[in-house]
Amino acid sequence: MMSKRFTKVLVANRGEIAVRVIRGAKKAGYQTVAVYSDADKDSMHVLEADEAVRIGPSPAKDSYLLIENILAAAKLSGAQAIHPGYGFLSEREAFAKAVQDAGLIFIGPDPHSIEAMGNKSASKIRMIAANVPCVPGYQGDDQADETLVAESKKAGLPVMVKAAAGGGGRGMRLVYEANELLANIQSARSEATNAFGSGQLLIEKAVMDARHVEIQIFGDRHGNVIHFGERDCSVQRRNQKVVEEAPSPAVDEALRVKMGAAAVAAAKAVNYVGAGTVEFMLARDGQFYFLEMNTRLQVEHPVTELVYGVDLVEWQLRVAQGEPLPLTQEQVSAKRKGWAIEVRLCAEDPRDNYMPQTGPVLSWSAPQGDGVRVDTYLTTGATISPFYDSMQAKVIAWGEDRETARTRLLKALEQTSFLGVVNNKDYLSAILANEAFASGDFSTAFIGKYFPQEQVSAAKPSSRHVALAVVALYLDDAQKLAEENNLSSEFIGWHSSHEAPAEFKLKWRDQEYDLEVLVHDGHQFSIEIAGSKIEINVARSLPHEFHYIVEGVQGKAVIAHHGDAVWLTAEGTTHCYTDTSLAPAQAVAAGADGRILANSDGKIVAVHVEAGQKVEKGTTLVVLEAMKMEFQLTTPVSGVIETVSVKAGDQVKGRQLLVQVKPDA
Amino acid sequence: MKRIESKINTSSAEFQANAAHNRKVVDDFRELQRKARDDRPQRDIDRLRSQNKLLVRERLKLLLDPGTPFLEFSSLAANDAYDGDVPGAACVTGIGIVSGREVVINAGDASVKGGAWYPLTVKKTVRALDIAIENRLPVVHLCDSAGGFLPLQADLFADKYMAGRIFRNQCQLSKMGVQQVSVVLGHCTAGGAYVPGLSDYNVIVRGTGAIFLAGPPLVKAATGEDVSVEDLGGCDMHTSVSGTADYPASSEEEAIAIARDIVAQFKRPQKTHIEWQEPEAPFYDPSELYGVIPKDIKQQFDIREVIARLVDGSRFHEYQPNYGKTLICGYAHLWGYKIGILGNNGVLFNDSSLKGAHFIELCNQNKTPILFLQNITGFMVGREYERRGITKDGAKMIMAVSCSEVPKFTVMCNGSFGAGNYGMSGRAFDSRFLFAWPQSQISVMGAEQAANTLADVKVRQLAKQGKKLTQEDIDAIRDPVLGEFKRKQSAYWSTSEMWDDGILDPADTRNALGIALSASLSAPIGDPRYGIFRM
């Protein structure tokens, strides 16, 4: 047995999870091997691992998703075991099998378990067989109206009537009342037929206002399976988890025991080995229904670790070595203490439909403090590439109770500096600060209800925030000036003859702000914006932050300045502004004054317009032949033809006026 | 360096009275500046607006890096001339930061008489270019001038320091490798055409900018040729045909943006290295200067109280503290830069003159720039002092001042009378920058003495003719002289005539000197060499 122990682990992943696993493995005494694509060659997981192997170009399909490249890397480095992390190949049966076939240890479940849980309908049938509660419904071939109505009533109202071939909400009906069933079934069928060419319907019990609650389970090769209680991941947007916590505010000890037992039964049904998660829908009435099982370590595993005081990666390694689980169910349950909440910090723009964002990270600083944990791979100066997931960091806080964990996490987010790439930090703070979230009474409908897209998109920076951005710019310019000229920063804005407010133009998205800035003694700012005046006194100016006093209260602003972009975190929000103060006026194209001149000596071949005619920008006015070439002379402005000075056949000189257009105002 | 221990009681009635008086003086000065800057006949502003032109201050805002300092020269030039019709001498000059580089700015003010060149406009422009030459600073010209003011052509055209000197200075700058860019925002006619013509780069605005030796009316008169402005010297002609101008622009904003980009191509100066340390604010608040300066110019005060309110940490290393005590000499740091300071604490005696000459030599030997703080009634007169050689001792000081290689800076803090003006590096002695405080006075002797002397001469002449004068008769002779003297010894007269580079609010002096020092270091400092010191 001892001879089979592995000592070197390859982590077939990137980003924060690769860093997390590598650190965990190193702590447990293993040699570690990172793999990387070209985009990640300087990434933190590469730097932290003992060895690293390049596995291909930046796109994941050419690197992290190529089984043969990963196996080659393992062979090259001599790794005996492979940890898949999450995502990428972690839930590919073929990968687990290939690893085992290569004589290596796959740190995760066996291929058959992955396969069993990978197919939704097959897994549901297995779960029903194992007495794991599933959403009741009907998916039979008998599509008669009366059968469907009867099955709907059997499942219990309300029900979802769904097109079996459907998607995107078409052919889908939520029905509350029995007497509305027939009409809805018929209209859904006709819509499904039209949309998908198949009128086949299925019935599912509608679980209204459900929560997403999942159970962390762990199995070993000695037949033991235990659970680590639940995690609540109800704060989701479009099925993406945003905030996760353990335990769930909606689960009491009795329910925990029940759900834990169901999850353990589910895992045992597929002979599960290693870390896994069984996801359930939890209805308001305490009923829960199996959704799916994730056969890997979850993104949100840290909340479980903090609450149970365990290192799940260490457990994974032990189980992979063939060891029995280190603790029994009773021991694990007894360790449960306090509450942990995690948020996923993503490089995405909540205002712009959560569009993923890329670019250089100008400033990254993780929060620190009691009960605060940050899993990330970010560093200042790193670049967020477009090739991978937008999640950049997980910020997690633990507290003796939920409120302590929540306020700690809020504070930790406030102390997180993430500038240079638009991200969802402020959005996460707003969620944590939301009253419904604080109360614990919410469901998967939370974000749709409290953070509708229109509302998220409409939020704008306050005048004060814009004013602070201008102060940041000003101070930064001063700093540069002082460095260049050996001058003191107190010189800034000083005019020997009179006070002269400097004019600044800032752009936030499409919004332009005009500001007038008057500075006294280099620190007392009088800023006029949109007709109002804001007085800001800079108490302290440091390289990347300054402390300011507005209306008697001192605050702090963190800044990053990159080219024309100014990032500012202050008063709980971060915005990026573009400094357009000195943006050169748009150079006007030749002829923009409406004078269309001959581009060279030549002969007029055709004149397409006459005086008084209205022309659009880009219209060809005159064709000129020179050097055997024909030139289409177009107008760079829209307007009305004032005069036409030439006709076809005329010989003209270069720069001779041909047509005068009166440009539109 | 030890901190100067101020002996001034800032809560004393005297201090408070001085402060109130001097604040009023400064307020009046600020108001004069405001008028010179902003007050224009509405029709002149309307005319510029109708031509789609910006005012000179708006152009400067576009040109200068936002929020950077601007040291304006001679803002009250010509204020006491031409019946006050030509505020600021119709141009704005100064040192500002453009694309991160210190540059001299020479901007015509077309809201004053169409930007016509008056004799004092020429003087101010020549001085700005002298500053550029002496300090090797690039120049940005914002050209918008109607040309020479013809009724006064005799006073601005031909003499050594008249208009030709502008072009001569431009050539000298170019020869020294100091770059210039002109932005042609209006007409550059006749001589004015050479400003862009002699610049390394120039930008011209389509429609409003034009360059020609003679405008259309003169061409018509001279040759009968009918030609439009645009065709004769407009943007497209010069940028595509004659090559007189380099960059076409379709608006003033674009032209100035192009000029900024041109300046961004200039190589940054290798600044002369002098002793420097982290700057420290003065321990004593510079605004206390208002209370330090006496209401009455005849009242003496300790110049160390001024030094304490100018220099870093109010720290001063005094040289020869017990010798020649009417001239305070010593080292200090100003905005971090190490400087030598000479300040008057009374009339210059033999010992103080020798001490001054020695100290100036020390500063030159060690490449330490020198600041002169003038409050001087002159060299001591009388039998005893002549016998001790006050003239030759004063001559030594003047020789040392004249032959200094280090940058010199002079501030007229209070009185500047007689040859003391010279020994303390007055205007004739090539200080890189010379500033005046608003209550300061300059003349060959005090107004009272001068008026009395002149009245005495007159009384004696009349007495010889047997005429007896009543006190009223004497006053009638004396008062106009006194009035004229007082007018011409005031700082406002000096600055109108540009005997200085501008009046400063005393509290601003520290900043102005900081920029002046920084600018001066763009030029190398030569090794000292002197003429004969009369021993």
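Residues numbered from 1 in each chain as written. Chains lettered and ligands numbered in written order. Predicted model: local features only at pLDDT ≥ 70, side-chain atom pairs only at ≥ 80, totals over all residues. Heavy atoms only, no water.

Looking at an unreviewed UniProt entry, chain B carries the name Methylcrotonoyl-CoA carboxylase, with the source organism given as Stenotrophobium rhamnosiphilum.

## As for the overall build of chain B
For chain B, the count of helices and strands is 20 helices and 16 strands. For 535 residues, the compact-globule formula gives about 24 Å, and the C-alpha radius of gyration of chain B, at 25 Å, lands near that figure. Viewed in the frame of its principal axes, chain B has a C-alpha envelope of about 75 × 65 × 50 Å. Out of the 535 residues in chain B, the part that is buried amounts to 57%. Once local pairs closer than 6 in sequence are excluded, the contacts in chain B between residues at least 24 apart make up 75%. In the form shown here, chain B has an accessible surface area of approximately 22,000 Å², with 52% of it arising from carbon and sulfur atoms. (Helix = DSSP H or I, 4+ residues; strand = E, 2+ residues; numbered from the N terminus. Rg over C-alpha atoms; globule rule 2.2 N^0.38 Å. Buried < 20%, exposed > 50% of the residue type's maximum accessible area, 1.4 Å probe, protein only. Contact = heavy atoms within 4.5 Å. Areas by Shrake-Rupley, 256 points an atom, 1.4 Å probe, with all protein chains shown as cover.)

## Brief notes about the domain arrangement of chain B
Residue and element names in this part refer to chain B. Domain boundaries in chain B define domain 1 (51-263), domain 2 (286-444 + 490-520) and domain 3 (447-488). Counting from both sides, the interface comprises 21 residues of domain 1 and, opposite them, 22 residues of domain 2. For the pair domain 1 and domain 2, the summed buried surface comes to about 1,800 Å²; carbon and sulfur atoms form 57% of the total. If you look at where domain 1 meets domain 2, you find one salt bridge. Ionic pairing is found between Arg-127 and Asp-501, a salt bridge with its closest N-O pair at 2.7 Å. (Domains from an automatic or database assignment. Buried area = accessible area lost by both parts, 1.4 Å probe. Salt bridge = Lys/Arg side-chain N within 4 Å of Asp/Glu carboxyl O.)

## Remarks on the environment of Ala-19 of chain B
Residues and elements named next belong to chain B. Residue position: Ala-19 is located in helix α1 (residues 13-38). Taking C-alpha positions, Ala-19 is 7.9 Å from Ile-293, a pair spaced 274 residues apart along the chain. Not counting the four nearest positions on each side in its chain, Ala-19 is found in contact with Tyr-290 and Gly-291.

## Examining empty space enclosed by the protein
Gaps left between atoms show up when a probe the size of a water molecule is rolled over them. Residue and element names in this part refer to chain B. This structure, assessed with the given rule, holds five cavities of 30 Å³ or more. Quantified by volume, the largest cavity comes out at close to 190 Å³. As for the largest cavity, its lining consists of 20 residues, of which Asn-106, Gly-108, Trp-117, Cys-143 and Ser-145 are closest to the centre. Those elements giving two or more residues to the lining of the largest cavity turn out to be β3 (101-108), α4 (119-135), β4 (139-143) and β6 (187-189). Residue composition of the lining of the largest cavity, grouped by class: nine nonpolar, ten polar and one charged. (1 Å grid on protein atoms, 1.4 Å probe; cavity = no way out; pocket = protein on both sides within 12 Å on 5 of 7 lines; lining within 4 Å. Points joined across faces, edges and corners; volume = space filled by probe spheres on them. Nonpolar A, V, L, I, M, F, W, Y, C, P; charged D, E, K, R; others polar.)

## A few points about the interface of chain A and chain B
With 31 residues of chain A at the interface, the matching set in chain B holds 39 residues. Interface area, chain A with chain B, both sides summed: about 2,900 Å², of which 58% is carbon and sulfur. Its largest share of buried area at the contact with chain B, chain A owes to Phe-491, Trp-494 and Ser-496 of chain A, together 22% of the area lost on that side. Our count for the contact surface shared by chain A and chain B stands at one salt bridge.

## Some details on the pattern of salt bridges
The tally for this structure, following the rule as stated, stands at 79 salt bridges over all chains. In this structure, Lys-61 of chain A engages Asp-62 of chain A in a salt bridge whose closest nitrogen and oxygen atoms are separated by 3.3 Å. Since its relative accessible area comes to 58%, Lys-61 of chain A is described here as exposed. Asp-62 of chain A gets classed as partly exposed once you look at its relative accessible area, which sits at 24%. One salt bridge connects Asp-501 of chain B with Arg-427 of chain B, and the closest N-O pair in it is separated by 3.1 Å. Of this pair, Asp-501 of chain B sits in the loop between α19 (491-496) and α20 (509-520) while Arg-427 of chain B sits in the loop between α16 (420-423) and β15 (433-436), and the two are 74 residues apart along the sequence. The exposure class of Asp-501 of chain B is buried, given its relative accessible area of 0%.

## Description of the packing of aromatic side chains
Within the structure shown, the criterion is met by 36 aromatic pairs over all chains. Seen in terms of ring centroids, Phe-228 of chain A and Tyr-308 of chain A are 5.7 Å apart; in terms of plane orientation they differ by 85°. Their pairing is edge-to-face. With Phe-228 of chain A in strand β11 (residues 225-237) and Tyr-308 of chain A in helix α10 (residues 301-308), this residue pair connects regions lying 80 residues apart in the sequence. Phe-228 of chain A gets classed as buried once you look at its relative accessible area, which sits at 0%. Three or more aromatic residues joined by ring pairs form one cluster here, namely Tyr-354, Tyr-427, Phe-437, Phe-442, Phe-446, Tyr-450 and Phe-451 of chain A. The side chain of Arg-14 of chain A reaches across the aromatic face of Tyr-377 of chain A, ending 5.2 Å from its centre. Lys-338 of chain B extends its terminal NZ or CZ atom over the ring of Tyr-331 of chain B, reaching a point 4.7 Å from the ring centre. (Phe/Tyr/Trp six-rings, centres within 6.5 Å; stacked < 30°, edge-to-face > 60°. Lys NZ or Arg CZ within 6 Å of the ring centre and 35° of its normal.)

## What to know about the nonpolar core
Counting 93 residues, the largest nonpolar core has Ile-95, Leu-342 and Leu-373 of chain B as the members making the most contacts within it. Of all the elements, α4 of chain B adds the most residues to this core, at seven residues. For this core, the two domains that each supply at least three residues are domain 1 (51-263) and domain 2 (286-444 + 490-520) of chain B. Residue contacts for Ile-95 of chain B: discarding those within four places in its chain leaves Pro-69, Phe-70, Leu-71, Phe-73, Val-103, Val-104, Ile-131, Leu-137, Phe-433, Ile-515 and Ala-519 of chain B. Counting residues in each nonpolar core, the second largest holds 39 residues, with Ile-107, Ile-226, Ala-275 and Tyr-308 of chain A among its members. (Core = buried A, V, L, I, M, F, W, Y, C linked by side-chain atoms within 4.5 Å.)

## Here we look at the UniProt feature "domain: CoA carboxyltransferase C-terminal" (unreviewed entry) in chain B
Mapped onto this numbering, the UniProt entry annotates "domain: CoA carboxyltransferase C-terminal" (unreviewed entry) at residues 275-523 of chain B. As a span, residues 275-523 of chain B carries 41% helix and 17% strand, and end to end its C-alpha atoms are 16 Å apart. (UniProt positions renumbered as here; feature names shortened; annotations may be inferred.)

## A closer look at helix α7 (residues 145-155) of chain A
It helps to recall that an α-helix has 3.6 residues per turn; residues three or four apart then point in one direction. All names here are of chain A. Three or more residues of α7 are buried, namely Asp-145, Thr-147, Leu-148, Val-149, Glu-151, Ser-152 and Ala-155. Looking at the buried residues of α7, the elements they touch are β6 (137-138), β7 (159-163), α8 (181-196) and β9 (201-205). Gly-156 sits one or two residues past α7 and shows a positive phi near 100°.

## A word on the pairing of β3 of chain B
All names here are of chain B. Burial of β3 is extensive: eight of the eight residues sit out of reach of the surface. A two-sided burial pattern is seen for β3, the buried positions comprising Arg-101, Val-103, Ile-105 and Ala-107 on one face and Glu-102, Val-104, Asn-106 and Gly-108 on the other. Across eight bridges, strand β2 (residues 91-98) lies against β3 in antiparallel orientation. Directly across from Gly-94, in β3, lies its bridge partner Ile-105. Connecting β2 to the antiparallel partner β3 that follows it, the hairpin turn spans two residues, and Ser-99 within it adopts a positive phi of roughly 50°. Here β3 pairs with β4 via four bridges, running parallel. Its bridge partner lying in β4, Val-104 is registered against Val-139. (Pairing = 2+ DSSP bridges.)

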